[in-house]
Amino acid sequence: MKLLEGKTVLVTGASTGIGRAAAIGAAQHGADVVINYHSRDEDAEACIAAIEATGQRGLAVKGDVAEPDTAKDFVAKAVEAFGKVDVMVNNAGICPFHAFLDMPVETFERTMRVNMHGAYFMVQAAANQMVAQGHGGAIVAVSSISALVGGEYQTHYTPTKAGVHSLMQSTAIALGKYKIRCNSLLPGTILTEINKDDLADDAKRTYMESRVPLGRLGAPEDMVGPIVFLASDMAAYVTGAALLVDGGMFVNLQ
Ligand SMILES: NC(=O)C1=CN([C@@H]2O[C@H](COP(=O)(O)OP(=O)(O)OC[C@H]3O[C@@H](n4cnc5c(N)ncnc54)[C@H](OP(=O)(O)O)[C@@H]3O)[C@@H](O)[C@H]2O)C=CC1
Ligand SMILES: C[C@H](O)[C@@H]1OC(=O)[C@H](O)[C@@H]1O
């Protein structure tokens, strides 16, 4: 069953990882897909090729989500190409691991701007377009298990993930009257570019794997079903919710 037939889906940060998997997964479910990315031109082109291989239309728009105008440009180009915006998956994010006591101001500020400001402006731009269209929509923000728990080298990152989750709760209220649903996905530890260096340390990777009752770290493809569900009409009465998809890591105290 195709859950996103006829919809236009926008995904930020879709040159690699979770965003890429979500974009291709949305196309497999019948959506035309517009992706944002920041630097990896070849990977973005490959993502569009994979979208088009499903028979759907795809478009890549390069831009830094930390800049407020990027969101307006992304939404405008999507409307120009495919006529409307039905779903926004706000996914772009960075996590430059660093200790707390000597956190460089630039690292802190860049992480806030990309993850938090970027989400705010993307969600706002998509919502304005959905309100103008008048037939509702769905926003899925990729938050994290890190919205709920901390990380020694993530003191600049975890607050952005809690912030993105909180943004979905408030926009669910602000946008409910327009039939726009807002939900967050909380992935556990998923093997992508964002943690390639961190998990290159065998001891750390083995420890992280041991925390997961299902016995393995996640793959980007593990996020597709939950994102497609939240984006689809199957979730018509789901808003302001958070879906934790972590193989059971969060509940594994002992
Ligand atoms: N992997 C994990 O364990 C978890 C990840 N997450 C979240 O998932 C999301 C995706 O991360 P993941 O797939 O793991 O990592 P990746 O590094 O594989 O993907 C990150 C994506 O974001 C894009 N991006 C980064 N900075 C910007 C920017 N300034 N403007 C636009 N796009 C940007 C990258 O584009 P490009 O490479 O072209 O610059 C890339 O497409 C993030 O929000 C992350 O916080 C949440 C929980 C767990
Ligand atoms: C990048 C990390 O490995 C990853 O990011 C998250 O949000 C998860 O909590 C993991 O720490």
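Residues numbered from 1 in each chain as written. Chains lettered and ligands numbered in written order. Predicted model: local features only at pLDDT ≥ 70, side-chain atom pairs only at ≥ 80, totals over all residues. Heavy atoms only, no water.

1. Considering the site of ligand 2
Part 1 of the argument: The environment of ligand 2 is formed by C95, F97, S144, I145, S146, Q154, Y157, G188, T189, I194 and N195.
Part 2 of the argument: In this structure, Q154 approaches ligand 2 through a side-chain N or O atom, which is 3.0 Å from an oxygen atom.
Part 3 of the argument: Between an oxygen atom of ligand 2 and a side-chain N or O atom of N195, the distance comes to 3.1 Å.
Part 4 of the argument: Protein chains bury 89% of the 290 Å² of accessible surface belonging to ligand 2 in isolation.
Part 5 of the argument: Residues that form the shell around ligand 2 fall into these classes: 5 nonpolar, 6 polar and no charged. (Near = heavy atom within 4 Å. Polar contact = N/O pair within 3.5 Å; in protein donor to acceptor, adjacent residues only side chain to side chain. Areas by Shrake-Rupley, 256 points an atom, 1.4 Å probe, with all protein chains shown as cover. Nonpolar A, V, L, I, M, F, W, Y, C, P; charged D, E, K, R; others polar.)

2. Some details on the packing of helix α4 (residues 105-133) against helix α5 (residues 158-175)
Part 1 of the argument: Contact pair α4 / α5: the axes reach a minimum separation of 9 Å and the direction vectors enclose 15 degrees. Our classification of the angle between α4 and α5 gives roughly parallel. The way α4 lies across α5 gives a crossing that is right-handed. For the pair α4 and α5, the contacting residues are T111, M112, N115, M116, A119, Y120, V123 and A127 in the first and P159, T160, K161, G163, V164, L167, M168, T171 and L175 in the second.
Part 2 of the argument: A class-by-class count of the residues in the contact of α4 with α5 yields 11 nonpolar, 5 polar and 1 charged. (Axes fitted to C-alpha atoms, helices over the stretch in contact; angles between N-to-C directions. Helix = DSSP H or I, 4+ residues; strand = E, 2+ residues; numbered from the N terminus. Parallel < 35°, antiparallel > 145°, perpendicular 65-115°, else oblique. Left-handed = near helix turned anticlockwise from the far one by under 90°. Contact = heavy atoms within 4.5 Å.)

3. Re the UniProt feature "domain: Ketoreductase" (unreviewed entry) in the protein
Part 1 of the argument: Taking the UniProt record as the reference, the feature "domain: Ketoreductase" (unreviewed entry) is found at residues 7-176.
Part 2 of the argument: As annotated, residues 7-176 comprises 51% helix and 15% strand, and the C-alpha atoms at either end are separated by 19 Å. (UniProt positions renumbered as here; feature names shortened; annotations may be inferred.)

4. Focus on the nonpolar core
Note that soluble globular proteins tend to have their nonpolar side chains buried in a common cluster.
Part 1 of the argument: Counting residues in each nonpolar core, the largest one holds 33 residues, and the members touching the most others are V9, A23, V33, I35, I51 and I227.
Part 2 of the argument: Secondary structure elements with two or more residues in this core: β1 (8-11), α1 (17-28), β2 (32-37), α2 (41-53), β4 (87-90), β5 (137-142) and α7 (224-231).
Part 3 of the argument: At 7 residues, α1 tops the list of elements feeding residues into this core.
Part 4 of the argument: With residues near it in sequence (within four places) discarded, I227 still touches I18, A22, V89, V140, V142 and L185.
Part 5 of the argument: Core analysis: the next-biggest nonpolar cluster, separate from the first, contains 31 residues, A66, M88, M122 and A125 among them. (Core = buried A, V, L, I, M, F, W, Y, C linked by side-chain atoms within 4.5 Å. Buried < 20%, exposed > 50% of the residue type's maximum accessible area, 1.4 Å probe, protein only.)

5. Here's the deal with the pairing of β2
Part 1 of the argument: Of all 6 residues that make up β2, 6 are buried, and the element is covered over most of its length.
Part 2 of the argument: With burial as the criterion, each face of β2 is covered, one bearing D32, V34 and N36 and the other bearing V33, I35 and Y37.
Part 3 of the argument: As paired elements, β1 and β2 share 4 bridges and run parallel to each other. Across the sheet, the residue bridging to V9 is V33, located in β2.
Part 4 of the argument: The parallel pair β1 and β2 is bridged by α1, and the resulting crossover is right-handed.
Part 5 of the argument: Pairing geometry for β2 and strand β3 (residues 58-62), over 5 bridges, is parallel. Residue pairing for β3: V34 is matched across the bridge by L59. (Pairing = 2+ DSSP bridges. Right-handed = clockwise from strand over helix to strand, strands pointing away.)

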